[in-house]
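Structure at a glance
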Amino acid sequence: MNKRIILRALTLVVFGLVTPMNAMARDTTSQALVTTPRVAVALELDADHFIVGQFQDWVISVHDAAGKAVYPARIGLAGGMVAHGHGMPTQPLVTDYLGAGRYRVEGMKFNMAGTWGFVINIDAANLRERVTLDLLLDY
Amino acid sequence: MQRVVSQTMCRWWQSYSYQYWRSGIGFLYLVCALLAVESSATESLWSDREVRILASLRLHKDMPVPDSPSNRVANSDAAAAFGGQLFFDKRLSRNGAIACASCHQPERYFVDNLTKADGVGANMRNTPTIVGSAYLSWFYWDGRRDSLWAQALTPFEAPAEMGSSRLAVVRMIAQDKHYRSAYEALFGPLFQGGIGRDVVMSEKLSHAGPLGSKEDRRAWQSFPRPVKQAINEVFANVGKAIAAYERTLKPAPTRFDRYVETLLSKEKRIDGGLSNDEIAGAKIFIDAQRSQCLQCHNGPLFANGGFHNIGTGNFDGSELDFGRVFGVRAVLLDEFNCLGRYSDAKPTQCRELRFLNRNAHVPLEGAYKVPGLRQLSQTKPYMHDGRFERLEQVIDFYRAAKDDSANGELQPFVISDREADQLKAFLLSLSDQ
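Summary of the structure given here. Keep in mind that what you see is a predicted model, and the values were worked out from it rather than measured. (Residues numbered from 1 in each chain as written. Chains lettered and ligands numbered in written order. Predicted model: local features only at pLDDT ≥ 70, side-chain atom pairs only at ≥ 80, totals over all residues. Heavy atoms only, no water.)

1. Some details on the overall build of chain B
Looking only at helices and strands, one finds 18 helices and two strands in chain B. Of all 433 residues assigned to chain B, the portion counted as buried reaches 53%. For chain B, the proportion of contacts with a sequence separation of at least 24, taken over those separated by at least 6, is 69%. Of the accessible surface of chain B, which amounts to about 20300 Å², a share of 54% is contributed by carbon and sulfur atoms. (Helix = DSSP H or I, 4+ residues; strand = E, 2+ residues; numbered from the N terminus. Buried < 20%, exposed > 50% of the residue type's maximum accessible area, 1.4 Å probe, protein only. Contact = heavy atoms within 4.5 Å. Areas by Shrake-Rupley, 256 points an atom, 1.4 Å probe, with all protein chains shown as cover.)

Shown next, in the form of structure tokens:
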């Protein structure tokens, strides 16, 4: 099962948290695209690898209000659990541009279930935007 | 109990209201019928979500050990055999009295049961177990090493642990016929090109290393760089052999694991294995509305491998200990880290270091690595500084947490004395074989 998901809402609920040694994967739901008047940011992730304790890659796609791919751009991503007062255990980085406004993000890792908040900074020519995304990781 | 009462009342009301189906109150029959469907689905002791959580905590007998790309002999039986001998060899300490196994004692689940480790000198922190350490990414309470082999090297030169030096360790390998043979079978000839041979074999210097006493450091600085690198290479390989041995120390499934296996294999079948108190304790443990246990103590080791601040840092007094905040810096400076010249990994394989969160922000001050919760009955005392002798004290520590910054990430945890006992009972179900 190699389903890919595109998030189409501000809040994403992902079921199926599994640990590295746990084979109990479940399907994931997906619905979201974070939009502002100037930019649309979509998050793709591999559902089967969205698990606690393991590294995973994400793809962030960025398009402007006219639907044009935003490239080149500097994409920054930070996250953490506000309720618990800690950041991410890792510092994810954009490591590749995949074309069509899609950027590969490596180094994502979660060490617990709960609501994770993300801030995505987009810095491109004539476009500087910050979007936020909450993601609930649950069993 | 409440559910049983409501189900009984519903059944009574169903039989009663059915007679009045044609009258206005008959709809209540329908309501109860729907409730009955719901309750039969959740009638078992555990909800589907709870079962998923329990499954995520169970230990598989054949749980695969993660790769260790920085150590090319990590999975070698010969390296594990060689490393096992080194692990128990007291000659590798400065005073000939301390081995790795002096603190990591096999008969005590590889801890020493002391408040703080007692090596060549007195140490500041409690000895953690090394059982299951192959599944971890960070080592020491502050994560200042990023592999088992890099960790295994550190005590040799730590003044209060084994107090020796890399020169002395390498000399032992070179002079002990059996060790030399085992080493060369794994890693090739010592002193390739003759580099370092004279320094190691001459015995003019007893000790030399970059981390020891002033004399040790001065001696080390007198060596040309190729000699230092030749000695470091052998020293690193010693660590890799010890790591290969430590990777064989895997936790064994317990009564809890067998209970969960039964639960999973027979579709929520409840047939004993855990007492009512242990089950009640497990429910508290996994209930995020009631406790935060599962946040950090998750996965089969009951440890998320991360660093969290629960307000146990020592920020004043004689034993200052800031935890992870310095561990982050130390691991980046360690010449034996995954990205260093003695690592066997490609840089892209060093993901923990590449994506290390270097932001030494305030929550990392006083943050320590989350310890696992398996075999707690054997691993007292608890916490990074061994401050608690009994599990009850640990649970009471969490119960006393206030909603303020002094507790770091902790939030209030309200349970009764009876529930605290149940929680303890559950934790001890992870200690049986």
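Having put the structure on the table, let's press on.
2. So, the overall build of chain A
Assigned secondary structure in chain A consists of zero helices and eleven strands. Start at the N end of chain A and walk to the C end: the helices and strands fall as β-β-β-β-β-β-β-β-β-β-β. Considering chain A as a whole, with its 139 residues, one finds that 50% of them fall into the buried category. In chain A, once contacts between residues fewer than 6 apart in sequence are set aside, the share between residues at least 24 apart is 62%. By element, 53% of the accessible surface of chain A is carried by carbon and sulfur atoms, the whole surface being about 6100 Å².

3. So, the pairing of strand S6 (residues 73-81) of chain A
Residues and elements named next belong to chain A. Where S6 lies against strand S10 (residues 114-124), eight bridges are found, and the strand directions are antiparallel. Within S10, the residue paired with Gly 80 across the bridge is Gly 117. Pairing between S6 and strand S7 (residues 86-87): two bridges, direction antiparallel. Following the sheet pairing, Met 81 is matched in S7 by His 86. (Pairing = 2+ DSSP bridges.)

4. Comments concerning the packing of aromatic side chains
The description of two aromatic rings rests on the distance between their centres and on the angle between their planes. All names here are of chain B. Summed over the entire model, instances satisfying the criterion amount to 30 aromatic pairs over all chains. Centre to centre, the rings of Phe 256 and Phe 302 are 5.8 Å apart; their planes meet at 70 degrees, and the pair counts as edge-to-face. Of this pair, Phe 256 sits in helix H12 (residues 255-265) while Phe 302 sits in the loop between helix H14 (293-296) and strand S1 (307-309), and the two are 46 residues apart along the sequence. The two residues Phe 256 and Phe 302 agree in class, both being buried. Measuring from ring centre to ring centre gives 5.6 Å for Phe 256 and Phe 426, while their planes differ by 75 degrees; the resulting arrangement is edge-to-face. (Phe/Tyr/Trp six-rings, centres within 6.5 Å; stacked < 30°, edge-to-face > 60°.)

5. Topic: the packing of helix H3 (residues 48-57) of chain B against H12 of chain B
Residue and element names in this part refer to chain B. As a packed pair, H3 and H12 sit with axes 9 Å apart at the nearest point and diverge in direction by 135 degrees. Here H3 is positioned oblique relative to H12, judged by the angle of their axes. Crossing of H3 over H12 shows left-handed handedness. Across from Val 51, Leu 54, Ala 55 and Leu 57 in H3, the residues of H12 making contact are Phe 256, Asp 257, Val 260, Leu 263 and Leu 264. Residue classes in the contact of H3 with H12 are distributed as eight nonpolar, no polar and one charged. (Axes fitted to C-alpha atoms, helices over the stretch in contact; angles between N-to-C directions. Parallel < 35°, antiparallel > 145°, perpendicular 65-115°, else oblique. Left-handed = near helix turned anticlockwise from the far one by under 90°. Nonpolar A, V, L, I, M, F, W, Y, C, P; charged D, E, K, R; others polar.)

6. Describing the interface of chain B and chain A
Taken together, the contacts link 30 residues of chain B with 26 residues of chain A. At the boundary of chain B with chain A, total buried surface from both sides reaches about 2500 Å², with 56% on carbon and sulfur atoms. On the chain B side of the contact with chain A, Arg 52, Gln 295 and Phe 355 of chain B bury the most area, a combined 27% of that side's loss. Here chain B is connected to chain A by two salt bridges. (Buried area = accessible area lost by both parts, 1.4 Å probe. Salt bridge = Lys/Arg side-chain N within 4 Å of Asp/Glu carboxyl O.)

7. Concerning the pairing of strand S8 (residues 93-99) of chain A
All names here are of chain A. Where S8 meets strand S9 (residues 102-108), five bridges bridge the pair, whose relative direction is antiparallel. Bridging from a neighbouring strand, Gly 99 pairs with Arg 102 of S9. Between S8 and S9, which pair antiparallel in sequence order, lie two residues; one of them, Ala 100, sits at a positive phi of approximately 55 degrees.

8. Considering the nonpolar core
All names here are of chain B. Phe 82, Leu 86, Phe 87, Phe 156, Ile 231 and Phe 336 are the most contacted members of the largest nonpolar core, which has 53 residues in total. Sorting the residues of this core by element identifies helix H4 (77-87), helix H5 (100-103), helix H6 (148-157), helix H7 (166-175), helix H8 (177-187), helix H10 (214-221) and helix H11 (225-246) as the ones contributing at least two each. If you tally residues by element for this core, the top one is H11, at eleven residues. For Leu 86, the contacting residues outside a window of four places in its chain are Leu 92, Ile 173, Tyr 179, Val 238, Ala 241 and Ile 242. One finds Tyr 259, Leu 373, Met 383 and Leu 430 within the second-largest nonpolar core, a separate group that totals 39 residues. (Core = buried A, V, L, I, M, F, W, Y, C linked by side-chain atoms within 4.5 Å.)

9. Considering the packing of H6 of chain B against H11 of chain B
Residue and element names in this part refer to chain B. Following both chains from N to C, one finds H6 and H11 inclined at 115 degrees, their axes separated by 7 Å at the closest point. For H6 against H11, the interelement crossing comes out right-handed. Residues Leu 148, Trp 149, Ala 152, Leu 153, Phe 156 and Glu 157 of H6 lie in contact with H11, whose contacting residues are Phe 235, Ala 236, Val 238, Gly 239, Lys 240, Ile 242, Ala 243 and Glu 246. In terms of residue class, the contact of H6 with H11 is made up of ten nonpolar, one polar and three charged.

10. A look at H7 of chain B
All names here are of chain B. Within H7, nine of the ten residues are buried, which leaves the element mostly enclosed by the surrounding structure. Every buried residue of H7 is listed here: Arg 166, Leu 167, Ala 168, Val 169, Val 170, Arg 171, Met 172, Ile 173 and Ala 174. Of the surrounding secondary structure, the elements contacted by the buried residues of H7 are H4, H6, H8, helix H9 (197-202), H10 and H11.

11. Things to note about the side chain of Asn 298 of chain B
Along the chain, the position of Asn 298 of chain B falls in the loop between H14 and S1. By relative accessible area, Asn 298 of chain B is classed as buried at 4%. Not counting residues within four places of it along the chain, the set of residues in contact with Asn 298 of chain B comprises Val 52, Asn 111, Met 112 and Tyr 139 of chain A together with Leu 57, Ala 303 and Asn 304 of chain B.

12. Things to note about unusual backbone geometry
With omega at -5 degrees, the peptide bond leading from Tyr 71 of chain A into Pro 72 of chain A counts as cis. Looking at where Pro 72 of chain A falls in the secondary structure, it is placed in the loop between strand S5 (56-64) and S6. A positive phi angle, near 60 degrees, is found at Tyr 109 of chain B, a position not held by glycine. Take Tyr 109 of chain B: it is sitting in the loop between H5 and H6. Judged by relative accessible area, Tyr 109 of chain B falls into the buried class, the value being 12%. Unlike most non-glycine residues, Phe 110 of chain B shows phi in positive territory, near 65 degrees. With respect to the helices and strands, the residue Phe 110 of chain B is situated in the loop between H5 and H6. Residue Phe 110 of chain B is classed as buried on the basis of its relative accessible area, which comes to 9%.

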